[in-house]
Amino acid sequence: MARRERPSRRRYDGFMDVGIWLLFFALLAPVGFVGYVIGKSKGEETGVEAAQEQRRPGEIRVAPAFSVDELSEGPTSSWLTNGGSLSNQRFSPLDEITTGNVADLKGVWMTDLRGSGTAAKYSQEAQPIFYEGVLYVPTGQDDVFAVDIEDGRILWEYKANLDQKIATVCCGWLSRGVALGDGKVYIGQLDGVLVALDQKTGKKVWETVVGKHTEGYTITAAPLYYDGMVVTGVSGGEFSIRGRVQAYDAKTGEQRWVFNTVPGPGEVGHDTWPQDNESWTRGGAPMWQTPAVDPELGLIYFSTGNASPDLDGSDRAGDNLFAASIVALDAKTGRYRWHFQQVRHDIWDYDAPSPVVLFDAEFDGEERKALAQTSKTGWTYVLDRETGEPLLPIEDEQVPQDEVQRTAATQPVPQYPPFTPHEISDEDLAEIRKLARETTTEATPPPIRKGSIYTPFRQEMRVLSPGPQGGVNWQPTSYNPDTGHLYICGMSSVAGYTRSGSKLPPGKQGEVADFGSVFTTTGFGAQTGYFGAWDPASGEVVWRKRWPESCYSGTVTTAGGLVFVGRNGGELEAYAAEDGELLWSFQTGAGANTTPTVFEWQGTQYVAFASGGNSLAATPHGDNLWLFSLDGTIDPAEEAGAGEGAGHAGESPEEPTDSGKGDPEAGEQVFLDSCAGCHGVNGLGGNGGPTLADASNLERVLPQVTNGGGGMPAFKDTLSSQQINDVSAFVTETVAGG
């Protein structure tokens, strides 16, 4: 700003002003030069720290329309995408927290997210976004919070106000995160709506219907902000949807492009569906995760879910592209570039919900642009991301056939062991037999036989591993370029499959789950867990931990030689990336089933983590958002209480519960909160949970709700006696009595 000269000022006054400033500059110049040298010696982070220091408490700085370079950089002073960068590596280049000092990590603060998403039907699977002093994180209720890094204050809250009777949520009510860019926070909601929020206020800027939840479409994945677009997929493979991936203008919400993951007439891959029926119009193939992008190649990558109906292929002869596939599209136009189908004509729910990961590595002495995706099959598929060709050996192998199920003649089988074993023990077989006897509605249970992966099934029950849980389910895998290893969290599940032969009545597609068969399993939380390091250049396990419970969280790895992962009991843990030594464990107070975020703020490295429990894994629920650092002073929380969730029904306890009469009307809301994720909003079947249409015996229902068993959680510690009475009355009088 120009300075105005006083009218009475004399000429020598101006001379004296100049002289004083020259003398001042001469005295301070050496100091300034030394400061410049010191600043330069500390690298570019000095400028970032200076900018961070200027932030006022509670200030929200508007994010720009991030450039491709900004989104591609390794995350240091920010965490801009769900996967940390466009590569989805979930690798932090920060190294203040190391194998040598991580044991000193403690809480800086813990903020509760106002009770959002704490009912049993909700899951907390969201990885926080961090930008300029603020964390952005949703809950399973699709409520979004902006939280100040300085003290954990909630700066704003967006309430989605979802219809609590949405009937087409497959696998627990959840959100896996938000996207950020161009001054807006973006979330895909369970009602099928993509919403853009003002970053400074949390107020809605625009919304667009991606798919109607009344037709089976929901959104659970975190969107991706890229090149002025917001990219999202849809969930709903269990509800007869036709899957698709769509890009929208980040400013206006107008659609830019759409790619149908079940191709129609004239589209690549339509010939892999029957030409004499319309099964392709409800063929499934959802997208459960945030895509990755290679800007240099101009390609966007994702993997897809199961074909529909999940376990019945009798009406959909053919390979059923692009279900259970890895797909590459032109990022600007959405046009098809290449695909690799991991499971042809899937009838086992062996889809690929875990995000793809991009990295460069040496194969056979040549540096290659690689892509990895770890599937429910337990295998990690490593491809050339330019062409889609496998970089590790995969052979087409003949598999058992069934003419009714229209099975594929061959399957692409990796020629290296799966990370999660496929073995079925005698104990596994006995457990499935027990569950089949106790849950069957027939006079005698079907014959039960052991099978192997890709064994078809009809009226007999085939016990297979993996089951529909995986393998690796939604849990994100991370990649550390320093070690060259992927860090995988999964489980070795077992399930009994039976083809029911029943067909969904016309007009019911999109309204109720259409599995086409029945599977009997012990749930998602009770399986044997596996966590470890895997070499994508050789296909070999580097190290692996075996846990008594499932590994059901994402992993993040750092330049400090660490891997962070959560445990069902509420512990967030850190392991040495090289050899798997456990170095730190911290009780967060609720099921630790999300993925950590790592970043630097004002010269200090932090770890942010949301612990809220998981519906399908039936882990303890909460609304805890934690921030950790080496300067933290807060000790671990008390051990998490009993698990709760919408687990799968199993054994029925023999002892009845002494209780009074329940109110079925009051029990409906308890059912929606605690049971609908498994049994469906109407009680007639949801995420593999059995129909309750025959559950009319109150003396059996009351103890089952109270004590749980066989994968279904006990509700005696999470519901009051009156709530148990009410929900039992709703099941026996309304669901079974209706």
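Sequence order as written defines residue numbering, which begins from 1 separately in each chain. At least 70 in pLDDT is required for a residue's local features to be given in this predicted model, at least 80 for side-chain atom pairs to be given and counted, and no such filter applies to totals for whole chains, interfaces and linings, which use all residues. The side-chain figures draw on all heavy atoms in the structure; neither hydrogens nor water molecules are used.

1. A word on the overall build of the protein
So, point 1. When helices and strands are counted, the protein shows eight helices and 38 strands.
So, point 2. Classification of residues uses two cut-offs on accessible area relative to the type maximum, computed with a 1.4 Å probe and protein chains only: under 20% is buried, over 50% is exposed, and between them is partly exposed. Among the 738 residues that make up the protein, the fraction classed as buried is 62%.
So, point 3. Throughout, a contact is declared for two residues whenever any of their heavy atoms are within 4.5 Å. Long-range contacts, defined here as pairs at least 24 residues apart, represent 65% of the contacts in the protein between residues at least 6 apart.
So, point 4. Each accessible area value is a Shrake-Rupley result obtained with a 1.4 Å probe; residue values ignore everything except the protein chains displayed when judging cover. Total accessible area on the protein stands at roughly 28,000 Å², and carbon and sulfur atoms take up 48% of it. Here a strand is any run of E in DSSP of at least two residues, a helix any run of H or I of at least four, and the numbering for each starts at the N terminus.

2. Digging into the confidence of the model for the protein
So, point 1. Overall, the predicted model of the protein reaches an average pLDDT of 87, with 84% of residues at or above 70.
So, point 2. Every residue is assigned a pLDDT by the predictor, reflecting its confidence on a scale from 0 to 100. When mean pLDDT is compared element by element in the protein, strand β8 (residues 184-188) scores highest at 99, while helix α1 (residues 11-41) scores lowest at 35.
So, point 3. Between residues 1-51, whose pLDDT stays under 50, and residues either more than four places distant or in other chains, the model counts eight contacts.
So, point 4. Below pLDDT 50 for its whole length, residues 646-659 participates in 60 contacts with residues either more than four positions away or in separate chains.

3. Some details on the nonpolar core
Taken as a class, soluble globular proteins show a tendency for nonpolar side chains to be buried jointly.
So, point 1. We define the nonpolar core as a collection of buried residues of types Ala, Val, Leu, Ile, Met, Phe, Trp, Tyr and Cys that are connected through side-chain atoms lying within 4.5 Å of one another. Judged by nonpolar contacts, the single largest core of 95 residues is most densely connected at Leu135, Tyr136, Trp156, Trp584, Phe599 and Phe628.
So, point 2. When near neighbours in sequence (up to four residues on either side) are disregarded, tryptophan 584 contacts Val102, Ala103, Leu105, Phe564, Leu572, Glu573, Ala574 and Phe628.
So, point 3. Residues Val357, Phe363, Tyr381 and Ile453 belong to the second largest nonpolar core, which totals 45 residues.

4. Observations concerning the sheet that holds strand β6 (residues 154-158)
So, point 1. Strands are treated as partners if at least two bridges between them are detected by DSSP. Read from one edge of the open sheet, four strands run β3-β4-β5-β6, paired in antiparallel fashion. Strands with a single pairing partner mark the edges of an open sheet, and in this sheet they are β3 (129-131) and β6. The mean angle between the axes of side-by-side strands here comes to 15°, regardless of whether they run parallel or antiparallel.
So, point 2. As paired strands, strand β4 (residues 134-138) and strand β5 (residues 144-148) are joined by five bridges and run antiparallel to one another. Within β5, the position partnered with valine 137 by the bridge is phenylalanine 145. Angles shown run from 0 to 180 degrees and are taken between the N-to-C directions of axes, each axis being a line fitted to C-alpha atoms and, for helices, limited to the stretch in contact.

5. What to know about the environment of tryptophan 173
So, point 1. Following the sequence through the fold, tryptophan 173 ends up in the loop between β6 and β7 (179-181).
So, point 2. With relative accessibility at 3%, the residue tryptophan 173 sits in the buried group.
So, point 3. Those residues in contact with tryptophan 173 that lie beyond four places of it in its chain are Lys121, Tyr122, Ser123, Gly140, Leu162, Asp163, Gln164, Ile166 and Leu190.

6. What about the pattern of salt bridges?
So, point 1. Here, a salt bridge means any Lys or Arg side-chain nitrogen found within 4 Å of an Asp or Glu carboxyl oxygen. Following the criterion strictly, the structure yields 30 salt bridges and no others.
So, point 2. Residue arginine 153 pairs with aspartate 151 through a salt bridge whose shortest N-O separation is 2.9 Å.
So, point 3. With a closest N to O distance of 3.3 Å, aspartate 312 and arginine 499 form a salt bridge. With aspartate 312 in the loop between β16 (299-303) and β17 (325-330) and arginine 499 in strand β28 (residues 495-499), this pair connects stretches of sequence that are 187 residues apart.

7. Remarks on the side chain of serine 493
So, point 1. Assignment of secondary structure puts serine 493 in the loop between β27 (485-492) and β28.
So, point 2. Classification of serine 493 by relative accessible area gives buried; the value is 0%.
So, point 3. Within the local environment of serine 493, its side chain forms a polar contact with the backbone nitrogen of glycine 467, the two atoms lying 2.8 Å apart.
So, point 4. As used in this structure description, the phrase polar contact means that two N or O atoms lie within 3.5 Å; if the pair is within protein, one of them must be able to donate a hydrogen and the other to accept it, and residues adjacent in sequence are counted only when both atoms belong to side chains. From its side chain, serine 493 meets the backbone oxygen of glycine 470 in a polar contact 2.4 Å long.
So, point 5. Those residues within four positions of serine 493 in sequence are excluded, and the remaining contacts are Leu464, Ser465, Pro466, Gly467, Gln469, Gly470, Gly471 and Gln527.

8. Examining the environment of threonine 290
So, point 1. Tracing the sequence through the fold places threonine 290 in the loop between β14 (255-260) and β15 (292-294).
So, point 2. Sequence separation between threonine 290 and glycine 83 is 207 residues, and the spatial gap between their C-alpha atoms is 7.7 Å.
So, point 3. In contact with threonine 290, other than residues within four places in its own chain, are Asn82, Asn88, Ala221, Ala222, Pro223, Leu224 and Pro355.
So, point 4. In terms of polar contacts, threonine 290 uses its side chain to reach the backbone carbonyl oxygen of alanine 222, at 2.6 Å.

9. Some details on the sheet that holds β27
So, point 1. If you walk across this open sheet you meet the four strands as β26-β27-β30-β31, and the pairing is antiparallel. Both edges of this open sheet fall to β26 (478-480) and β31 (540-547), since each of them pairs with a single strand only. Taken over all neighbouring pairs, the strand axes of this sheet differ in orientation by 25° on average, direction set aside.
So, point 2. Two elements, β26 and β27, share three bridges in a ladder whose sense is antiparallel. Bridging across to β27, serine 478 finds its partner in tyrosine 487.

10. With respect to unusual backbone geometry
So, point 1. The amide bond that connects serine 308 to the next residue, proline 309, takes the cis arrangement and shows omega of -5°.
So, point 2. With respect to the helices and strands, the residue proline 309 is situated in the loop between β16 and β17.
So, point 3. Between serine 465 and proline 466 the backbone carries a cis peptide bond, its omega angle lying at 5°.
So, point 4. Residue position: proline 466 is located in the loop between β25 (461-464) and β26.
So, point 5. In this structure, serine 240 is a non-glycine residue whose phi angle is positive, near 65°.
So, point 6. On the secondary structure map, serine 240 appears in the loop between β12 (229-233) and β13 (244-249).
So, point 7. For serine 240, a relative accessible area of 6% gives the class buried.
So, point 8. Positive phi, close to 50°, is recorded for aspartate 364, a residue that is not glycine.
So, point 9. Turning to its location among the elements, aspartate 364 is positioned in the loop between β19 (357-363) and β20 (366-374).

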